[in-house]
Amino acid sequence: MDNQKEWIMIRIRIGWLFLVAGVLVGFVGVIAELQLGHLFKDFRIVTGLGILLVGIGAGYLVRYGSALKDEKSALRLTVEERDERSVLIRARAGNRAFWVSTVLINIGLMWSSFASNDRLPPLTGDTLWFYLAAAVLLPFGIYITSILVDERNL
Amino acid sequence: MKNKLEEFRNRNGWTQQELADRVEVSRQTIISLESGRYNPSILLAFRLARLFKLQVEDLFLFSDEENHHG
């Protein structure tokens, strides 16, 4: 088996892993909702996670499965994804997003520490929701922006 | 880092895509290399040099400025 095919086969195995894990998690979520629904408010979050994993797995299988059938597209796909400049750009973007995420999490942690000593107002309700949303979206925005900027400059 | 990639590519009559296919990188990487915006990994530098039957230092020009992390 050549290098490209082996690389694609690894991706397909990862896809199956996500798919199977998603089905299992989803199944556990549904069963828990039916059997243990009285214990917690909502088990649908577990089912939702299962659906997300199934989606990721299916995405992998469709993307890499179709490349396996055609040698030319397999080569193009592996070249695109393993291209060292693209890998560098993604790594730089990930690094920047990581630092933004770390700073936001630390600010949140410090804020709640001070709030527990009544030195700052507590983060509750909408404020907490918006802060958490920013902590998720801002690093993602930095990641995308960094890729766009580096694609142009590098 | 300056390089003679475009010169040797043209000498061989290859397009950027053809060169990219031969060394298994994207065409965009070749464009960035030729414009001097991107410095290749040592592995890619050797692959390119071998492709043109050159030494790495014949293809990529290391200047004193770069020696001082300029």
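Preceding this paragraph is the structure being described.
Conventions we followed
Sequence order sets the numbering: in each chain, residues are counted from 1 along the sequence as written. Chain letters and ligand numbers both follow the written order, the letters beginning at A and the numbers at 1. Per-residue local features of the predicted model are confined to residues with pLDDT of at least 70, and side-chain atom pairs are confined, for both listing and counting, to 80 or more; whole-chain, interface and lining totals are unaffected and use all residues. Heavy atoms throughout the structure, all of them, feed into the side-chain values; hydrogens and water do not. The helix count covers DSSP runs of H or I at least four residues long, the strand count covers runs of E at least two residues long, and both are numbered beginning at the N terminus. The globule rule is 2.2 Å times the number of residues to the power 0.38, and the radius of gyration it is compared with is taken over C-alpha atoms. In this scheme, a residue with accessible area under 20% of its type's maximum is buried, one over 50% is exposed, and one in between is partly exposed, where area comes from a 1.4 Å probe on protein chains only. Any two residues whose heavy atoms approach within 4.5 Å at even a single point are treated as in contact. Shrake-Rupley sampling with a 1.4 Å probe provides the accessible areas, and residues are treated as covered by the protein chains on show and by no other component. Only four residue types enter the charge count, namely Lys and Arg as positive and Asp and Glu as negative; His and the chain termini do not. Lys charges are placed at NZ, Arg charges at CZ, Asp charges at CG and Glu charges at CD. Only buried residues count toward a nonpolar core, which is a set of Ala, Val, Leu, Ile, Met, Phe, Trp, Tyr and Cys residues joined through side-chain atoms within 4.5 Å. Each helix should span, by expectation, one fewer than its residue count multiplied by 1.5 Å. Buried area: the accessible area, evaluated with a 1.4 Å probe, that two parts lose upon being put together, summed over both parts. Between Lys or Arg on one side and Asp or Glu on the other, a salt bridge is scored when a side-chain nitrogen of the former is within 4 Å of a carboxyl oxygen of the latter. The definition of a polar contact used here is a pair of N or O atoms within 3.5 Å, where within protein one atom must be able to donate a hydrogen and the other to accept one, and adjacent residues in sequence count solely through side-chain atom pairs. When residue character is reported, Ala, Val, Leu, Ile, Met, Phe, Trp, Tyr, Cys and Pro are called nonpolar, Asp, Glu, Lys and Arg charged, and the others, Gly included, polar.

Undergrad: Just to check I follow, could you spell out the overall build of chain A for this structure?
TA: Helix and strand counts for chain A come out as five helices and zero strands. Counting from the amino terminus, helix and strand elements in chain A follow one another as α-α-α-α-α. Computed over the C-alpha atoms, the radius of gyration of chain A is 21 Å, more than 25% above the 15 Å expected from 2.2 N^0.38 for a compact globule of 154 residues. In terms of overall dimensions, chain A has C-alpha extents of about 65 × 50 × 20 Å along its principal axes. Across the 154 residues of chain A, 25% fall into the buried class. Across chain A, the fraction of contacts at a sequence separation of at least 24, relative to all contacts at a separation of at least 6, is 70%. When the accessible surface of chain A is split by element, carbon and sulfur atoms take 69% of a total near 10,700 Å². Counting 16 positive and 14 negative side-chain charges, chain A places the averaged centre of each group 2 Å from the other.

Undergrad: Explanation requested: the nonpolar core in the structure shown.
TA: A general trend in soluble globular proteins is that nonpolar side chains are found buried together. With 20 residues, the main nonpolar core has L5(B), L19(B), I30(B), L33(B), L48(B), F52(B) and L59(B) as its most contacted residues. Of all elements in the fold, only α1 (5–12), α2 (16–23), α3 (27–34), α4 (42–51) and α5 (56–59) of chain B reach the threshold of two or more residues within this core. Looking at which element gives the most residues to this core, the answer is α4(B), with four residues. Here F52(B) is in contact with L5(B), F8(B), R9(B), N12(B), W14(B), L19(B) and L59(B), once residues within four sequence places are set aside. Among the nonpolar cores identified, the runner-up in size contains nine residues, and L19(A), L61(A), A74(A) and L77(A) belong to it.

Undergrad: What should I look at first to understand helix α2 (residues 44–69) of chain A in this one?
TA: Given 3.6 residues per helical turn, the α-helix brings residues three or four places apart onto the same face. Residue and element names in this part refer to chain A. The end-to-end C-alpha separation of α2 is 37 Å, in line with the 38 Å expected for 26 residues at 1.5 Å each. Inspection of α2 places T47, G50, L53, G57, L61, Y64 and A67 among the buried residues, and these make up the whole buried set. Looking at the buried positions of α2, the neighbouring elements they touch are α1 (3–35) and α3 (71–82).

Undergrad: So what exactly am I meant to see when it comes to the interface of chain A and chain B here?
TA: In this assembly, 12 residues from chain A lie in contact with 13 residues from chain B. Both sides together, the interface formed by chain A and chain B hides about 1,000 Å², and carbon and sulfur atoms give 47% of it. Counting the surface chain A buries against chain B, the share from its top three residues, V79(A), E84(A) and R85(A), is 47%. Linking D21(B) and R76(A) is a salt bridge whose minimum nitrogen-to-oxygen distance equals 3.4 Å. Linking chain A with chain B are seven residue pairs in polar contact (both at pLDDT 80 or more), by the criterion used here. When contributions to the side of chain A that touches chain B are tallied by element, the ones reaching two or more residues are α3, α4 (84–116) and α5 (125–153) of chain A. Its residues placed into classes, the side of chain A that touches chain B shows four nonpolar, two polar and six charged.

Undergrad: Can you help me understand the environment of I144(A) in this one?
TA: With respect to the element layout, I144(A) can be found in helix α5. Measuring from C-alpha to C-alpha, the distance between I144(A) and A97(A) comes to 9.0 Å, with 47 residues separating the pair along the chain.

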